[in-house]
Every structure is written in C-alpha cells, then in structure tokens.
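Here are the chains, one letter per residue:
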Amino acid sequence: MKYFFIILTEFMILVDSGVKDFKILPNLPLGEYRVNVIAIHHCSTTQKYNFQYNFFLFKTSRTTVQLRGNISCINRAFDDSLLLRGSMAIKDKIGGWQNNAYVYQSPMAYSGLKKLFGAEFAVFLNSFGVNDTKQNSIPPGIYTTKGYDISNYPSNTNLPKQIFYGTYKMNINYTEKSGSLVGCYIFVIEIKRPWEIE
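Residues numbered from 1 in each chain as written. Predicted model: local features only at pLDDT ≥ 70, side-chain atom pairs only at ≥ 80, totals over all residues. Heavy atoms only, no water.

Next up on the list: the state of the cysteines. Summed over the entire model, instances satisfying the criterion amount to 1 disulfide. The disulfide partner of C43 is C184, and the gap between their sulfur atoms is 1.7 Å. Because the sign of the S-S torsion sets the handedness, a value of about -70° for the bond joining C43 and C184 places this disulfide among the left-handed ones. Taken as a pair, C43 in the loop between β2 (34–42) and β3 (51–59) and C184 in strand β12 (residues 181–192) lie far apart in primary sequence, 141 residues in all. Under the relative-accessibility criterion, C43 is labelled partly exposed at 28%. (Disulfide = S-S within 2.5 Å. Helix = DSSP H or I, 4+ residues; strand = E, 2+ residues; numbered from the N terminus. Buried < 20%, exposed > 50% of the residue type's maximum accessible area, 1.4 Å probe, protein only.)

Here is the structure:
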C-alpha cells in the first residue's frame, strides 16, 4: 500500500510540474517529414546527355542547405515533348537498395515537374534565372544558380505530406518519346522526422 502512495505522489508531481510543456515525440515509421539531401551525382560519368546537371550542395548553416551549380540544355529545349520518370529506392537494413519504393511518371516532363513542385517550381526556376513561361518550355542554354534553398522541402510543394522514414536514392530520368535517355541525375536523401536535427 505504501508503494501505491509513492507512485500516486510521483504521478501528481508529474502532472503538476508542467504537462503542458511535455511533448510526445512518436517513433512511428511513417509521418510528416523533412528532407536532408546527402549527395547529388550523375547517373553516368561517361555518357553525355542533352540535359546535364552539375549540382553541388552548399551548407550555409546547421539547418540550411543550398543547391548550387548549373543546368545545361544542349541543342534541345526542356518541354512537354519529353517523358519524366522519377523512382526512389529505399536503403534496407543490410545496406542494399530496394528499387521502386516510390515511382512518379509523367508523359509531359515540364508540366509534370510544375505540378509536382507546385508554387516552389517558379522559385526554383527564378533561382536559375529562368521565368516560368506559359509555353511550358525552357530554351537551350546554360542556367546557373548561386543558391537555391532545399532545406524547406516538402513545404510549398505538392509532394506527399507523409512518407516512410529512411534513406532514399531518387533517380530522375528524362527521355524522348522514342525511349532515348536525354537527362539523368541522382539525389541521395534522408527522410527524417521534423524534430530530428542530425
């Protein structure tokens, strides 16, 4: 009986000492998230595509990362005549990649990206000095950014608001209607809980 009073007393102290400040941070496998980009690289270092992505990451603070570099559209406009395919492979417990955990395909690459990134698409294009046009096309050329903040994903986009936590390898491909690959790049990202810092 005396243990009951001790437990009851501890419970009353806990309730009285700031339950309002007590936050429960669940450890569920799925939920709202933030994106931590680990690496960006080319799909192939030997093959030259019509669309070349020369990106690197620049950390401006502990929680802010910028995408810097350039996009080269060589001899071809980026428009809706291309096909877009994005696939995400998840890293399993023994270090291998399980392909096609998430897949996104669009028969119109420009419109598909615009729909997927929502209001953030115009911000992304403006950081490269490109205006979001009604023609749904980016003309050939080299577009350079001095910094595009990627720390806020997925806010301001149409990306899923909940996803399974883990490390993903995201492969983005652009192909002609004939099937020939014209652009490809890979992001390695961590999907983390919003309160996880490192």
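What follows deals with the environment of E196. Of note, E196 is situated in the segment after β12. Residue classification places E196 among the partly exposed positions, given a relative accessible area of 27%. Each C-alpha atom of the pair E196 and R34 lies 8.8 Å from the other, and the pair is 162 residues apart in sequence.

Attention shifts here to the packing of aromatic side chains. Scanning all chains against the criterion turns up 16 aromatic pairs. With a centroid separation of 6.2 Å and an interplanar angle of 35°, the aromatic rings of Y53 and Y174 are classed as tilted. Here Y53 is found in strand β3, whereas its partner Y174 is found in strand β11 (residues 166–175), with 121 residues between them in sequence. Note on Y174: relative accessible area 2%, which makes it buried. Arranged with centres 4.4 Å apart and planes meeting at 50°, the rings of Y53 and Y185 form a pair that is tilted. Residue Y53 is found in strand β3, and its partner Y185 is found in strand β12; the two are separated by 132 residues along the sequence. Of the two residues, Y53 and Y185, neither departs from the other in class, the shared state being buried. Directly above the ring of F58 sits R68, whose terminal nitrogen or CZ lies 3.8 Å from the centroid. (Phe/Tyr/Trp six-rings, centres within 6.5 Å; stacked < 30°, edge-to-face > 60°. Lys NZ or Arg CZ within 6 Å of the ring centre and 35° of its normal.)

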